[in-house]
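# What the coordinates show
Given next are the chains, with one letter for each unit.
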Amino acid sequence: MRVGCPKEIKNHEYRVGLTPGSVREYVANGHDVIVETQAGAGIGADDAAYAAAGAKVVQTAKEVFDQSDMVVKVKEPQPSEWVMLREDQILYTYLHLAPDPNQTKGLVESGCTAVAYETVTDDRGGLPLLAPMSEVAGRLAIQASATALQKAHGGRGILLGGVPGVLPAKVAVIGGGVVGLNSAKMAVGLGAEVTIIDRSLPRLRELDNIFNGRVRTRYSTVEALEEEVFSADAVIGAVLIPGAAAPKLVSREMLGGMKKGAVLCDVAIDQGGCFETSRATTHSEPTYEVDGVVHYCVANMPGAVPITSANALNNATLYYGLMLANKGIKALVDEPNLRNGLNVHRGRITNKAVADALGYELAQPQDALKVA
């Protein structure tokens, strides 16, 4: 198979779909790899490194799309990219379609087979291709919130960990999954007072054991959310419903009860955000203010640390990527965990959460693949 990797074009996105190490793996499996020039510049991998790994380096994204049977990316295709996709092509990348009707329409019209990292599962029902970026984003959320809390950035002017004789900041983490766990680890490490809110009692017990009492855990109710949000200096939105739009758990009205200069950091923004006042921002302009509350809603947070992120992502995506390259569409037929990643196939939506969110008729993946 001819496997292509274009340079990412989203604002301040420095990650790359294939590292030189991954290219070597594809080549070793008998595949041709086409990489756009400077695709790896953000991680310090120049064209010579890709050529040495066995890739063919081309000058434009169009050449990559035109020459590839499978396109491997990091972020969802932008408008200039989805128009280059075609019916006999596999797209393997993050998609986050539920809050993005325009991209969904573009992929449907292209006729391509789009496999989303964020809905591929493992045997335990986990999300192995989303997990590494959730780890990065969860840890970055605390760094970003600590910066946004500084007075010069519009925040309250409070140090996350405090100092002897001065209380630390209060951090409320909404959601106890991978993002929430990693946010809490960072916040605890910096000395903040941390509360994790979740609706799963088994998960709250796990978190209590992990932190050995160092964090508070609360079952998520309207009252609990209000109490924690109102008292917090920083609130981390770490809620995930796989493939679906995130629920809006903090309303515009609730902002009136928050401290002036407090921070809302919405890690769920890729899925539409879990705060009513969230809107996607970029690394160029990461924050904005609503009712005296600072919002940090960067949609590609891990792009800020591309060397860490790209390598962690490639470690996770390589296994299924090679499976797709080795077997093509048959890989989706044979492997149910990979098939769960199928969101669009030849003009049909094959993910229930996306179909429900955007009003499409659902085509069961097995049926869609049989028709193909």
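Before reading further, recall that the structure is shown in the block above.
A short tour of the structure in this document, coming up. Just so it is clear, the model here is predicted, and its values are computed rather than measured.

Right, let's talk about the overall build of the chain for a bit. A tally of helices and strands in the chain yields 14 helices and 15 strands. Computed over C-alpha atoms, the radius of gyration of the chain comes to 21 Å, within 12% of the 21 Å expected from 2.2 N^0.38 for 372 residues, which places it in the range of a compact globule. Summarising its shape, the C-alpha atoms of the chain cover approximately 65 × 45 × 35 Å along the three principal directions. Counting over 372 residues, the chain shows a buried share of 55%. On the chain, roughly 15,300 Å² of surface is accessible, and the fraction owed to carbon and sulfur atoms is 51%.

What follows covers the nonpolar core. In this structure, Y26, V115, V171, V194, L324 and L338 are the most contacted members of the largest nonpolar core, which totals 75 residues. Examining the composition of this core, we find that 9 residues originate from one element, helix α10 (residues 306–327), more than from any other. When residues no more than four places from it in sequence are discounted, the contact partners of V171 are I142, L160, A187, A192, E193, V194, T195, A234 and I236.

Take the packing of aromatic side chains next. If you walk through the whole model with that rule in mind, you get 3 aromatic pairs. A ring pair is formed by Y92 and Y117, whose centres lie 4.7 Å apart and whose planes are at 90°; its orientation type is edge-to-face. Of this pair, Y92 sits in strand β5 (residues 90–93) while Y117 sits in the loop between β6 (113–116) and α6 (131–148), placing them 25 residues apart in sequence. Assessed through its relative accessible area of 1%, Y92 is described here as buried. Accessibility expressed as a relative area gives 0% for Y117, which makes it buried. Between Y319 and Y320 the ring centres are 5.0 Å apart and the planes differ by 70°, which places this aromatic pair in the edge-to-face class. Relative accessible area serves as the criterion here: at 54%, Y319 is assigned to the exposed category. A connected cluster of aromatic rings, assembled from ring pairs, spans Y92, Y94 and Y117. One cation-aromatic arrangement involves R279 over Y288; the distance from NZ or CZ to the ring centre is 3.8 Å.

What follows concerns the sheet that holds strand β9 (residues 216–219). With respect to topology, 7 strands assemble into an open sheet ordered β9-β8-β7-β10-β11-β13-β12, the strand pairing being mixed. At either margin of the open sheet sits one strand with a lone partner, and together these are β9 and β12 (287–290). Strand-to-strand twist across the sheet, computed as the mean angle between neighbouring axes with direction ignored, equals 20°. Taken together, the 4 bridges between β12 and strand β13 (residues 293–296) define a ladder with antiparallel strand orientation. Of the residues in β13, the one forming a bridge with E289 is V294. The sheet contacts of helix α8 (residues 201–211) involve β8 (193–198) and β9, and relative to β9 the element is tilted by about 175°.

Scoring rules and cut-offs
Residues numbered from 1 in each chain as written. Predicted model: local features only at pLDDT ≥ 70, side-chain atom pairs only at ≥ 80, totals over all residues. Heavy atoms only, no water. Helix = DSSP H or I, 4+ residues; strand = E, 2+ residues; numbered from the N terminus. Rg over C-alpha atoms; globule rule 2.2 N^0.38 Å. Buried < 20%, exposed > 50% of the residue type's maximum accessible area, 1.4 Å probe, protein only. Areas by Shrake-Rupley, 256 points an atom, 1.4 Å probe, with all protein chains shown as cover. Core = buried A, V, L, I, M, F, W, Y, C linked by side-chain atoms within 4.5 Å. Contact = heavy atoms within 4.5 Å. Phe/Tyr/Trp six-rings, centres within 6.5 Å; stacked < 30°, edge-to-face > 60°. Lys NZ or Arg CZ within 6 Å of the ring centre and 35° of its normal. Pairing = 2+ DSSP bridges. Axes fitted to C-alpha atoms, helices over the stretch in contact; angles between N-to-C directions.

Remember that the coordinates give geometry; whether it matters functionally is a separate question.
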